[in-house]
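Chain by chain, the residues:
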Amino acid sequence: MKIVFSSYAYAPSVGGIESVSALLAHEFLSAGHEVRLLTETPSPGLDAREFPVVRRPSLTHLRALLRWGDVVFQNNISLRSLLPALLMRKPALVVHQTWVRDTGGEIDWSSRMKRAMLSRVHNVAISRAIARDLGIDCEIIGNPYNDAIFRNETGLRPHPILFVGRLVSDKGADILLQAVAELRDLTSGVTIIGSGPEEPVLRALAQELRLEVRFLGASSGSELAQVLNEHQLLVVPSRWAEPFGVVALEGIACGCAVIGSKDGGLPEAIGPCGSTFPNGDVPALAREIRSVLTDENLRTRWRDASPVHLRRHQAKTVAARYLQMLEELTA
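An account of the accompanying structure is given in this report.

**Points about the nonpolar core**
Right, on to step 1. Leu24, Phe28, Phe73, Leu234 and Tyr322 are the most contacted members of the largest nonpolar core, which totals 76 residues.
Right, on to step 2. Among all residues touching Phe73, those that are not within four sequence positions of it are Ile3, Val4, Phe5, Ser6, Leu24, Phe28, Leu93, Val95, Tyr322 and Leu326.
Right, on to step 3. Core analysis: the second largest hydrophobic core is formed by 34 residues, Ile192, Phe215, Ile259 and Val292 among them.

Here it is, written out as structure tokens:
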């Protein structure tokens, strides 16, 4: 097949959609299909030569790209490329990576337009939570993680608690610090991986609470996998309802126990390999952390459950499901 792969955000931008798009495009190519990736993210440098990356194309260039393709694969809905594809009667599969709402959670005019298009495409949601919010019949396929990089090296784990994410209020790193402050008899150590505008606030909070917090900056790939392998527990304390949570899969794959907030699709990413707490509830998070760090049998049960859970999210497995759908659409 000739696949026009639409990813509104893509490298060098960093995020969940960007990493999932790179994984899936690579797997589509490895399976013998042609891929041209379309994105609105500008590039400060040269792209890899694995497949063409078309950045911010003109309407003329976009039409030519769509004429070339047999099918359109959208990793998150984008009207700029979807509307021309539908006008040209191209079969399209749309993967819904996040809520089709504005940043305040309301269904604005743009969200209404996107929702109006859904009856004309094949829809996939990355979690049951997203599917329920869309209110339509659609396939549910959880996101993949990079199983070639994120693996359990079964080494020593000298550090107790790890946070990985952008340092913005929605991600709730301050909630984690406040929870750890209630566990002084157990630990006061936290490692924070990430960067963002909230870093000065978090540093001040750590000092105020007298916690031993290591700020290691942004990290990804094998470097992040190494840090995950050095920790017992990964906490994903988001205030907002996460649509899924690939970072949870990465932590589980590296042998971490995982605690995440309850709303949204994050519990589906964690599966039987961790626990959840009500979003924003500091005392509840503190109780969960205490339970996990003091119960080796619990951590062992979660690790034992991880192979089956992770198998469903391996990149090749997820890509194969999408390719079957695309082949059915083109037929």
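Picking up where we left off.
**Observations regarding the sheet that holds strand β10 (residues 212-217)**
Right, on to step 1. The six strands are arranged β10-β9-β8-β11-β12-β13 in an open sheet whose pairing can be described as parallel. The open sheet has two edge strands with one neighbour each: β10 and β13 (274-277). Neighbouring strand axes in the sheet, compared pairwise and without regard to direction, differ in orientation by 25° on average.
Right, on to step 2. Note that strand β12 (residues 257-261) and β13 share four bridges and pair parallel. Directly across from Ser261, in β13, lies its bridge partner Phe277.
Right, on to step 3. In this fold helix α8 (residues 221-229) packs onto β8 (159-164), β9 (189-193) and β11 (231-236), with an angle of close to 110° to the strand it touches most, β11.
Right, on to step 4. Sitting on the sheet, helix α9 (residues 246-253) touches β8, β11 and β12, and the angle it makes with β11 is about 170°.

**Brief notes about the sheet that holds strand β3 (residues 53-55)**
Right, on to step 1. As summarised here, the arrangement of the seven strands in space is β3-β2-β1-β4-β5-β6-β7, forming an open sheet in which the pairing is parallel. Bordering the open sheet on either side are β3 and β7 (139-140), each of which pairs with just one other strand.
Right, on to step 2. For strand β6 (residues 122-125) and β7, the ladder comprises two bridges, and the chain directions are parallel. Looking at the pairing, Ala125 lines up with Ile140 of β7.
Right, on to step 3. Those strands touched by helix α2 (residues 59-68) are β1 (2-6), β2 (34-39), β3 and β4 (71-75), and its axis lies near 155° from that of β2.

**Observations regarding the layout of surface pockets**
Right, on to step 1. Considering only enclosed or pocket space, the second largest pocket measures out at about 230 Å³ in volume.
Right, on to step 2. Looking at the second largest pocket, the residues that line it are Ile126, Arg128, Ile140, Ile141, Gly142, Phe244, Glu268, His309, Arg312, His313, Thr317 and Arg321.
Right, on to step 3. Per-class residue counts for the lining of the second largest pocket are four nonpolar, four polar and four charged.

What counts and how
Residues numbered from 1 in each chain as written. Predicted model: local features only at pLDDT ≥ 70, side-chain atom pairs only at ≥ 80, totals over all residues. Heavy atoms only, no water. Core = buried A, V, L, I, M, F, W, Y, C linked by side-chain atoms within 4.5 Å. Buried < 20%, exposed > 50% of the residue type's maximum accessible area, 1.4 Å probe, protein only. Contact = heavy atoms within 4.5 Å. Pairing = 2+ DSSP bridges. Helix = DSSP H or I, 4+ residues; strand = E, 2+ residues; numbered from the N terminus. Axes fitted to C-alpha atoms, helices over the stretch in contact; angles between N-to-C directions. 1 Å grid on protein atoms, 1.4 Å probe; cavity = no way out; pocket = protein on both sides within 12 Å on 5 of 7 lines; lining within 4 Å. Points joined across faces, edges and corners; volume = space filled by probe spheres on them. Nonpolar A, V, L, I, M, F, W, Y, C, P; charged D, E, K, R; others polar.

By themselves, these observations are geometric and do not establish any function.
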